[in-house]
Amino acid sequence: MAIVKMSKFTLFTFESQKEELLDKLQNFEKVQFIDLREKREGDLNFFNPSDEKKDLSNVQGDLAKVKFALDSLHPYAEKESALKALKEGKEEFTYNELKEKANKSNWQDIYLSIKSMDDSLNSIKNEVSKLKGQGEELLPWENLDVSFGDLGATTNTISFVGTMPKTFIDGFREKFDSEIPCSYVEKVSEVKGEAYLIIIVHKDSERDANEILKSFSFNKSSIAETGMPREIINDIGEKIKSLYLKEDELKGKFKEASSNIEELEVVYEYLSNEELKVSASENFLESPNVVAVSGWVPTEDREELTKAIEKVVGKDYYIELEEAEYGDAEVPVALKNNKVVSAFQSITEMFSTPKYNEMDPTPIMTPFYLLFFGMMLADAGYGIVMFVAALIALKKFNLDEKKANFARFFMYLGIPTTVVGIIYGSYFGDILKPYGVKGFVDPATDVMTVLIASLAIGVFQIFVGLGAKAYMLIKEKQYLYAFFDVGSWYMTLGGALLFAGSIIGLPGGIVSFGKWTMIAGMILIVLTQGRDNEKIGAKLAAGLYALYGLSGYVGDIVSYSRLMALGLAGGFIGSAFNLMIGMIGNPIAKIIFGTLIFLGGHLFNVLISALGAYVHTCRLQYVEFFGKFYEGGGRPFSPFKSRNKFITVKKD
């Protein structure tokens, strides 16, 4: 199996049954709706778009409140270990159980309580921030031994309190003392290049004093306090302590309220799915009594869909079902493969979803992906660790479908990694070689053997890619194009390989056959690849340009040398860690530090080598393989089903 065949349905039923029908279709999980608002034609002209904006706004408003409550409580909840969370998994409810629990919840009261506590907490934080700002402003004046109130204007004097760049102080004092004789200047402190000054002058000199202060960039302080600076700072400190006590008290209440998280998660999940339903119903058309629904369903599930509808509406419905046309760009694409291949669907989907009239490349890509990854990581020890770790995760942890597929992905990759590691004789690097454990091929000394094998596998994959292109053309009954676009390249590339066989001593007859086959293929490429052009000159020019693509095939084949290079690199790094352990002379130190180096070094190596193998294997599929036959660009099938953020909503 690969691309699932799709059918389009159009359903008419009574509007009063819409809500229950939506519940059933959401539980069915195999329907993707079509937006009918832009397709009001024919019989649908009698219908109007469904107006759900008010209901949607209400649901989204409630959802935002629950999310706020959860976001406020989560920091105060007891943290569950990641392993425990994976082992236990999510709670499971049917939709009806979820709805019943949500309706029984008093989440509105919980929200109002949390909102009130959050407002109080924010108020405390703002007040603390304000007080700290005041304290920082007063701190440079801490050593002032008079109150700010005493520095106010008297009958005969006026005071200036403020700051001046400390580099101006000497010049200021000289000028001020010489021009304002009846004055007093005190430098209280210096902070970050600013001098904090108290200046007292006779009122008769106020104007002159202002002019001098202005010329020396004096900045008057805006402190409104009247008490002693040290006393004010101490008082601010006491207020902050008192606020911190209130903050701790509120945090304690938040911690107590965190016991409501599970209840709020149930409500969040229910409202989230209600939002989905209301949003989905915006795709429908309605009359006062009838609702029109259209969508896509896998062809194999059409009968099951009809039964699901009848469970809700009985015989009060009319439905039209027609299989999707081959090549229809509107058809959403769903992939269906066996358990092994489905673990690798994410690789294809990360590149692009196939079109409805294409083939799913995952089944033919999977064996190559397994082999290439194994050749790049190429260590039996690492492969066994990957396989066992993934198997334990699958058996012991309650994983959702996405995480289970991810675990299976690495479990399957552990198998070829182990096999290639045995062939290379690599077990955590060369740790077993001193004990006589060897492989069938030593990549460190048999470099050419590994390189030739890598290139040969690459050539085979390229030929398979061309074969896939031929299959698609033949499926579309374009038999001649299959010969022109694929057969010509088979002749050219296959002939070139046979012609090059003279290097390894192939018989002259085979070499000669290869030469003439290659020439025939090249001529065929030149004559056919420009067939869409009208003029002969343009046809030949396009054909010659297509033949130039032969250099691209050479580059593609050379790219497969990375199968050898990465396999060698990972093995050498692992061996380097083993060498470091062997250089430790002291037996006790060797046990202690050798164990640490072995565990840490090989853990690092398996992670970095697996990442490199993953990236480069994907690159070989996307560029060298998919480029030969696969285009992609399809619309992924996105069925209407329950969201499962905190809770798994299972089928009734």
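Everything numeric in this text was worked out from a predicted model, so none of it was measured. What you see as residue numbers is a count from 1 along each chain, following the sequence as written. Local features are withheld for residues below a pLDDT of 70 in this predicted model, meaning they are given only at 70 or higher, and side-chain atom pairs are given and counted only at 80 or more; totals for whole chains, interfaces and linings count all residues. Water and hydrogen atoms were dropped before computing side-chain values, which therefore reflect all heavy atoms in the structure.

Draft legend 1. Spotlight on helix 7 (residues 206-215). Along helix 7, the positions that sit buried rather than exposed are Ala209, Ile212 and Leu213. The buried side chains of helix 7 occupy one side of the element, clustering within an arc of 100 degrees when seen end-on. Helix 7 presents Arg207, Glu211 and Lys214 as exposed residues on the side facing more than 90 degrees away from its buried surface. Any two residues whose heavy atoms approach within 4.5 Å at even a single point are treated as in contact. Here a strand is any run of E in DSSP of at least two residues, a helix any run of H or I of at least four, and the numbering for each starts at the N terminus. Residues of helix 7 that are buried make contact with strand 5 (157-165), helix 6 (169-179) and strand 7 (194-202). Count one or two residues on from helix 7 and you reach serine 217, which has phi positive near 60 degrees. Here the term buried applies to any residue with accessible area under 20% of the maximum for its type, exposed to any over 50%, and partly exposed to those in between, with areas from a 1.4 Å probe on protein chains only. Throughout, the arc means that of the directions going from the helix axis to the C-beta atoms.

Draft legend 2. Inspection of a nonpolar patch on the surface at higher detail. Patches were defined on residues exceeding 30% relative accessible area and lacking a salt bridge, with like-charge contacts within 9 Å and nonpolar side-chain contacts (Val, Leu, Ile, Met, Phe, Trp, Tyr) within 5 Å. Residue exposure ignores everything except the shown protein chains as possible cover, and the areas themselves are Shrake-Rupley values with a 1.4 Å probe. We define a salt bridge as a side-chain nitrogen of Lys or Arg found within 4 Å of a carboxyl oxygen belonging to Asp or Glu. Together, Trp516, Ile519, Ile523, Leu527, Ile536 and Leu540 make up an exposed nonpolar region whose accessible area comes to about 610 Å². Elements with a contribution of two residues or more to the nonpolar patch: helix 18 (508-528) and helix 19 (536-548). Secondary-structure assignment places isoleucine 519 in helix 18. Using a relative accessible area of 30% as the deciding quantity, one classes isoleucine 519 as partly exposed.

Draft legend 3. How the structure looks around the packing of helix 1 (residues 18-28) against helix 9 (residues 261-281). At a closest axis distance of 11 Å, the pairing of helix 1 and helix 9 adopts a crossing angle of 115 degrees. In this view, helix 1 runs roughly perpendicular relative to helix 9, as classed from their interaxial angle. As helix 1 runs across helix 9, the sense of the crossing is right-handed. Contacts from Lys18, Leu22, Asp23 and Gln26 in helix 1 reach Asn273, Leu276, Lys277, Ala280 and Ser281 in helix 9. Here the residues of the contact of helix 1 with helix 9 sort into 3 nonpolar, 3 polar and 3 charged. Under this scheme, a helix contributes an axis fitted over its contacting stretch, all axes are lines through C-alpha atoms, and angles between N-to-C directions fall in the 0 to 180 degree range. An angle below 35 degrees is read as roughly parallel, one above 145 as roughly antiparallel, one from 65 to 115 as roughly perpendicular, and any other as oblique. Here a crossing is called left-handed whenever its near helix is offset anticlockwise from the far helix by less than a right angle, and right-handed whenever the offset is clockwise. In this count, Pro and Cys sit with the nonpolar residues alongside Ala, Val, Leu, Ile, Met, Phe, Trp and Tyr, while Asp, Glu, Lys and Arg are called charged and the others, Gly among them, polar.

Draft legend 4. Structural detail: the pattern of salt bridges. Within the structure shown, the criterion is met by 25 salt bridges. Residue lysine 18 pairs with glutamate 15 through a salt bridge whose shortest N-O separation is 3.8 Å. The class for lysine 18 is buried, based on a relative accessible area of 4%. Glutamate 15 sits in the partly exposed class, given a relative accessible area of 26%.

Draft legend 5. Spotlight on unusual backbone geometry. For lysine 192, which is not glycine, the phi dihedral falls at a positive 50 degrees. Tracing the sequence through the fold places lysine 192 in the loop between strand 6 (183-191) and strand 7. Residue lysine 192 is classed as exposed on the basis of its relative accessible area, which comes to 86%. With a phi close to 65 degrees, lysine 477 is a non-glycine residue in the positive phi region. In this structure, lysine 477 sits in the loop between helix 16 (447-475) and helix 17 (479-500).

Draft legend 6. Structural view of the sheet that holds strand 5. Here a strand pair is declared whenever DSSP counts at least two bridges between the two strands. Reading across the sheet, the 4 strands line up as 6-7-5-8 and stay open at both edges, with antiparallel pairing between neighbours. Looking at the sheet topology across the chains shown, the edges are occupied by strand 6 and strand 8 (219-220). Across 2 bridges, strand 5 lies against strand 8 in antiparallel orientation. Opposite threonine 163, over in strand 8, you have asparagine 219 as the bridge partner. Its contacts with the sheet put helix 7 on strand 5, strand 7 and strand 8, and the angle it makes with strand 5 is roughly 5 degrees.

Draft legend 7. Molecular detail of the packing of aromatic side chains. Two rings belonging to Phe, Tyr or Trp (six-membered ring only in the last case) form a pair when the distance between their centres is within 6.5 Å. Interplanar angles under 30 degrees mark stacking, angles over 60 mark edge-to-face geometry, and anything in between is tilted. For the structure shown, the criterion picks out 34 aromatic pairs. With centroids separated by 5.8 Å and ring planes inclined at 70 degrees, the aromatic side chains of phenylalanine 172 and phenylalanine 216 adopt a geometry described as edge-to-face. Remark: phenylalanine 216 occurs in the loop between helix 7 and strand 8 and phenylalanine 172 occurs in helix 6; sequence separation between them is 44 residues. You can call phenylalanine 216 buried: its relative accessible area is 15%.

Draft legend 8. Broad picture of the pairing of strand 10 (residues 290-298). With 8 of 9 residues buried, strand 10 lies mostly within the body of the structure. As paired elements, strand 1 (residues 6-14) and strand 10 share 9 bridges and run antiparallel to each other. The residue bridging threonine 10 from the neighbouring strand is serine 294, located in strand 10. Pairing of strand 2 (residues 32-33) with strand 10 involves 2 bridges; the strand directions are antiparallel. In the sheet register, phenylalanine 33 faces strand 10, and the bridge partner there is glycine 295. Pairing analysis gives 2 bridges linking strand 9 (residues 285-286) to strand 10, with the strands arranged antiparallel. Its bridge partner being in strand 10, glutamate 286 is matched across the sheet by valine 291. Here strand 9 folds back onto strand 10, and the loop between the two strands holds 3 residues.

Draft legend 9. Seen up close, the nonpolar core. What is meant by a nonpolar core is a set of buried Ala, Val, Leu, Ile, Met, Phe, Trp, Tyr and Cys residues, joined one to another through side-chain atoms within 4.5 Å. With 53 residues, the main nonpolar core has Phe344, Tyr369, Phe373, Leu413 and Phe629 as its most contacted residues. In terms of residue count, helix 13 (residues 362-377) provides more of this core than any other element does, 9 residues in total. Apart from residues lying up to four places away in sequence, tyrosine 369 is in contact with Phe344, Ile347, Phe409, Leu413, Tyr614, Thr617, Cys618 and Gln621. By size, the runner-up hydrophobic cluster in this structure holds 47 residues, among which are Leu98, Val161, Ile198 and Ile261.

Nothing here speaks to function; it is geometry throughout.
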